[in-house]
Amino acid sequence: MRQTVLENDVSKITELAKQGKRLDGRALDEMRDFTLELGLCENAEGSAKIRLGQTEVLAGIKMGVDKPYPDSPDEGAISVGAELLPLAHSEYEAGPPSFDEIEVARVVDRGIRESKAIDFASLCIKEGEAVWVAFMDFYAINADGNLFDAGSIAGLASFLSAKVPKLNDKNKIIKHEYSGKLEMKRMPLLTTFVKVGGKIMVDPTYVEEKAAEARFSVSTTEDGYMAAMQKGMGGSFNVEEVNYMIDKAFIIGAETRKKLIKQMKQ
Amino acid sequence: MTEEKIPDYKKDKKRVDGRKMDELRPISIKVGVLPNADGSAYLEWGQNKVYAAVYGPREALPKHTQNPYKAVVKVTYRMATFSVPERKQPRPNRRDMEISKVLGEALTKVIFTEQFPNTEIGVYVEVVDSNAGSRVACLTAASCALANAGIPMKDLVAATGIGKAFGELIVDLNKDEEDAPDAVDIPFGIMPNSGEIVLLQMDGLLTKEEWAKLVPLGMKACADVYAVQKKALQEKFSLSEVSEKNVEAVVEAKVKQEKADTKTEKKDQADKKSAGSVKPGVLQQVKAKKVRK
């Protein structure tokens, strides 16, 4: 029965899109409202839970000490992982990472990594011997579309709130003691669009994603850079459409950043 | 742990976190928290924080997993990478697999599985923060999620850790107690109404006499857990305000509330016509809940 409901919604969404409307009454360029909850997980060095409409994502940071890569002996690293838990949707299955999980994790990763938001040199503990690796993993708890942006916002918030553990003289982590905050230089945010019935809409819900022909995400920074892009799904965009989405992403990204800062201050 | 002196519970009369020997950490449960799932629960138990979701009964796939006589209860227990002091590898380990198995077996006992042949009841539990006792927290949350999903059950399952640390018999061990030199940890789950044991594991060294003293402690603690579970479910399904006479009034109030809710949201032209269908829907819901009670 769910399948029938979904098919009905998909055709309805496509019809509405052609008139510039959406099933939930939003404007085509309107994000859903979101709320953030910080510091839920005490074992994490930083954590943030976002509720974006009905999409719920929990992100957490673990800091680990590791040997640096031979080609960058004075630089730490970050690692981003995503899990679409079977908890979050009947469509998701437990098992080895799916293509979707890997794609969303890598796109969120690139947005943060390539924006140079984190200065990897600052994660060096001792050149050639020990560096910090910041592992950010995010989990879909309830999936109602746009896990890209939800993961990006929750991920950034968890990085912004992350603390760096204290080390003893053997470079082992001292539990529950911290030397300071993780330093962030930029605030990159992904903004994701889909094309439905020839129209571009931002922040798609689950059914809007099902109705979509193509998807596009771009990571923007507060100082006017783009740090990552990803086109997804079988459809295509023309250059004008891509330029339109980039322009919109800077505007929407700035609003989202403002909301994020406001919620982090509370 | 640092080089502090080892606590002695016989002398101290108090535990490292200030609890009495038979005292549980604070527990709170919220039922029906995940809109996508057929049933769900979020539970906080001390520092432990877990989500439980139920999907099904649905066709068991692949087909060879089906049982023509009953439903298969499949539990998937996982821990988030950041839920433990040292990052956990994301792929499931042997511990995750074993816990999934014993939790599934514990829940199978309380579900009328024979009513749903060839199906699977998927129970997913995710630990997002932990401090000893995550499996009993998951079992407790999972049985609430099953009830929330409307799956016919004989009873809930209430569980807690029981055992020994620093020379005393205690309930609900925390991480410091689990790491004590004489620690005994016994995950203990029962059907509260019959007292039947559905989860029992142990590691550590224990005498028969100590076990005999621990059982009543465990039963008492599980009764406390059961009280929290019942309260959470009653909060979700409570219709104390509904009687035969005022059912119409309650429905009307709910319809008004829902209308007010939709008004505050974005006006949805597309769904305008569905406003008329709100009333019978709510009425059905209320009636269904009454029957359940």
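Check the entry above for the structure.
Structure report, in brief. Values in this document were obtained by computation on a predicted structure and should not be read as measured data.

With respect to the environment of serine 72 of chain A
Part 1 of the argument: Note that serine 72 of chain A resides in the loop between strand E3 (55-66) and strand E4 (77-84).
Part 2 of the argument: Sequence separation between serine 72 of chain A and tyrosine 92 of chain A is 20 residues, and the spatial gap between their C-alpha atoms is 38 Å.

Let's talk about helix H2 (residues 99-114) of chain A
Along an α-helix, a turn takes 3.6 residues, which lines up residues three or four apart on a common side.
Residue and element names in this part refer to chain A.
Part 1 of the argument: End to end, H2 covers 22 Å across 16 residues, agreeing with the expected 22 Å (1.5 Å per residue, within 8%).
Part 2 of the argument: Contact partners of the buried residues in H2: E4, helix H3 (147-160), strand E9 (189-196), strand E11 (214-220) and strand E12 (226-232).
Part 3 of the argument: Positive phi appears at lysine 116, one or two residues downstream of H2, with a value of about 55°.

Quick notes on helix H2 (residues 94-110) of chain B
Residues and elements named next belong to chain B.
Part 1 of the argument: Helix length check: H2, at 17 residues, gives a terminal C-alpha distance of 26 Å against a target of 24 Å (1.5 Å per residue), a fit within 8%.
Part 2 of the argument: Residues of H2 that are buried: Ile99, Ser100, Leu103, Ala106, Leu107 and Val110. One side of H2 carries all its buried residues, which in axial view fall inside an arc of 135°. With respect to the buried face of H2, the exposed residues turned more than 90 degrees away are Arg94 and Met97.
Part 3 of the argument: Contact partners of the buried residues in H2: strand E4 (72-79), strand E5 (119-129), helix H3 (134-148), strand E8 (184-191) and strand E9 (196-200).

Let's talk about the pairing of strand E7 (residues 163-167) of chain A
All names here are of chain A.
Part 1 of the argument: The pairing of E7 with strand E8 (residues 173-181) spans five bridges and is classified as antiparallel. Considered in E8, the bridge of proline 165 is made with tyrosine 178.
Part 2 of the argument: As consecutive antiparallel partners, E7 and E8 are separated by five residues, and within that stretch asparagine 171 has a phi angle of approximately 60°, a positive value.

Quick word on the nonpolar core
Part 1 of the argument: Membership of the largest hydrophobic core comes to 147 residues, with the highest contact counts inside it found for Val123, Ala141 and Ala142 of chain B.
Part 2 of the argument: Tallying contributions element by element places H3 of chain B first for this core, with 10 residues.

A short note on the interface of chain B and chain A
Part 1 of the argument: Counting residues at the interface gives 29 residues for chain B, matched by 34 residues for chain A.
Part 2 of the argument: Listed by contribution, the elements that provide at least two residues to the side of chain B that touches chain A are strand E3 (48-59) and E5 of chain B.
Part 3 of the argument: For the side of chain B that touches chain A, the element with the most residues is E5 of chain B, which contributes five residues.
Part 4 of the argument: When the residues that make up the side of chain B that touches chain A are grouped by side-chain class, the tally is 14 nonpolar, eight polar and seven charged.

What counts, and at which threshold
Residues numbered from 1 in each chain as written. Chains lettered and ligands numbered in written order. Predicted model: local features only at pLDDT ≥ 70, side-chain atom pairs only at ≥ 80, totals over all residues. Helix = DSSP H or I, 4+ residues; strand = E, 2+ residues; numbered from the N terminus. Expected span 1.5 Å × (residues − 1). Contact = placed C-beta atoms within 7 Å. Buried ≥ 20, exposed ≤ 12 C-beta atoms within 10 Å, placed from the backbone. Arc of directions from axis to C-beta. Pairing = 2+ DSSP bridges. Core = buried A, V, L, I, M, F, W, Y, C linked by C-beta atoms within 7 Å. Nonpolar A, V, L, I, M, F, W, Y, C, P; charged D, E, K, R; others polar.

Just geometry here; none of it tells us what the structure is for.
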